[in-house]
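Survey of secondary and tertiary structure
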Amino acid sequence: MTTPNETEADGPAEKIALVTGSSSGIGAAIAERLAADGYLALINARSENAGALKTRDAILAAGHRAELSIGSISKVTDIRHLFADIRERYGRIDVLVNNAGICPFHEWDEVTEEIWDITHETNLRAGFFCTQEAAKLMIEKKIAGRIMAISSISAIKGGTVQTHYCPTKGGQISMMNAFAVCLGPHGITCNSILPGTIETPINAEYLATGTNRANLEIQTCVGYIGQPRDVAGIVSFLATPEARYITGASILVDGGELVKHL
Ligand code: RM4
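1. Notes on the overall build of the chain
Scanning the chain from terminus to terminus reveals eight helices and seven strands. Relative to the compact-globule value of 18 Å for 262 residues, the chain shows a C-alpha radius of gyration of 18 Å, a close match. Taken over the C-alpha atoms alone, the chain extends approximately 55 × 40 × 35 Å along its principal axes. Here the chain contributes 22 positively and 29 negatively charged side chains, and the mean placements of these two sets differ by 5 Å.

2. Focus: the packing of helix α3 (residues 76–90) against helix α4 (residues 113–140)
Direction vectors running N to C along α3 and α4 enclose 30°, while the axes themselves pass 10 Å from each other. By the criterion of interaxial angle, the relationship of α3 to α4 is roughly parallel. For the element pair α3 and α4, the recorded crossing hand is right-handed. Across the interface between the two elements, V76, I79, R80, F83 and R87 of α3 pack against R125, A126, F129, C130, Q132, E133, A134, L137 and E140 of α4. Across the contact of α3 with α4, the residue classes break down as eight nonpolar, one polar and five charged.

3. Thoughts on the site of the ligand
C103, F105, S152, S154, Q162, Y165, T197, I202 and N203 make up every residue found near the ligand. Side-chain polar atom of S154 to an oxygen atom of the ligand: 2.6 Å apart, as the coordinates give it. Between the ligand and Y165 there is a distance of 2.7 Å, counted from an oxygen atom to a side-chain nitrogen or oxygen. A total of 290 Å² of accessible area belongs to the ligand in isolation, and the protein chains cover 87% of it. In a pocket analysis with a 2 Å cut-off to the grid points, the ligand is assigned to the largest pocket. A per-class count over the shell around the ligand returns four nonpolar, five polar and no charged.

4. Section: the layout of surface pockets
By volume, the largest pocket amounts to about 1100 Å³. Lining the largest pocket are 46 residues, with C103, Y165, T200, I202 and N203 positioned closest to its centre. When contributions to the lining of the largest pocket are tallied by element, the ones reaching two or more residues are α1 (25–36) and α7 (212–219). Per-element accounting of the lining of the largest pocket gives the leading share, three residues, to α1. Considering only residue class, the lining of the largest pocket consists of 17 nonpolar, 25 polar and four charged.

About the cut-offs
Residues numbered from 1 in each chain as written. Predicted model: local features only at pLDDT ≥ 70, side-chain atom pairs only at ≥ 80, totals over all residues. Heavy atoms only, no water. Helix = DSSP H or I, 4+ residues; strand = E, 2+ residues; numbered from the N terminus. Rg over C-alpha atoms; globule rule 2.2 N^0.38 Å. Lys, Arg positive; Asp, Glu negative; His and termini not counted. Charge placed at Lys NZ, Arg CZ, Asp CG, Glu CD. Axes fitted to C-alpha atoms, helices over the stretch in contact; angles between N-to-C directions. Parallel < 35°, antiparallel > 145°, perpendicular 65-115°, else oblique. Left-handed = near helix turned anticlockwise from the far one by under 90°. Contact = heavy atoms within 4.5 Å. Nonpolar A, V, L, I, M, F, W, Y, C, P; charged D, E, K, R; others polar. Near = heavy atom within 4 Å. Polar contact = N/O pair within 3.5 Å; in protein donor to acceptor, adjacent residues only side chain to side chain. Areas by Shrake-Rupley, 256 points an atom, 1.4 Å probe, with all protein chains shown as cover. 1 Å grid on protein atoms, 1.4 Å probe; cavity = no way out; pocket = protein on both sides within 12 Å on 5 of 7 lines; lining within 4 Å. Sits in = over half its atoms within 2 Å of the grid points. Points joined across faces, edges and corners; volume = space filled by probe spheres on them.

Below you can see the structure in the form of structure tokens.
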């Protein structure tokens, strides 16, 4: 049996990393970081929007490689199209970061079936079927790949306006754990990253409201809110051969929010 990450791929030497939802925020920072690490970063967004173009152009301007991989991942058929395109264009995938996510803030008694469904489709179901497609291609090409989910501290900690969102984040962890068991024999690792509050468009309005920012800052050990690059660093490490023995792990990147009891 080959040692994980020592398998030889039969595709081109170029390594491919797909980051779902990478037109802004944490996803964009991850794509930039993986491109800086030498991957051809595939920027995914629902449509060829300004953010996706900006992310790609920033990577190219830095002298690294990126291409757009546009397509919705909310329906399983769309996901299969996206991966068929990746297979045709590159013939391989080395890293999949299941990052796409939404967090429509709503009080628990205002959550409708539609809000529940779209949150679960985007945050959990899409990650499952992207992982299924990526893993098939990795196994076929004998690639000791890396699969990650950008979960959240909210998988563990409740949030007043996140009752529908928290279970999607918990689900991502158990899903990565289950995939870690299935894919470990192929040298593929599956891990979850749990960011705390990170400054991104998803929470820009929330952070700008009243004392929300100050309240969140004080909840951390370090006294400030994290930046997208703080999450990109751990993704970068998990993608390396040095991280071959880390699988089924849940890694907090929260400025110590979870351990600080006020
Ligand atoms: C996170 C966590 C953060 C919030 C985001 C939108 O997973 O709960 O505090 O800013 O969701």
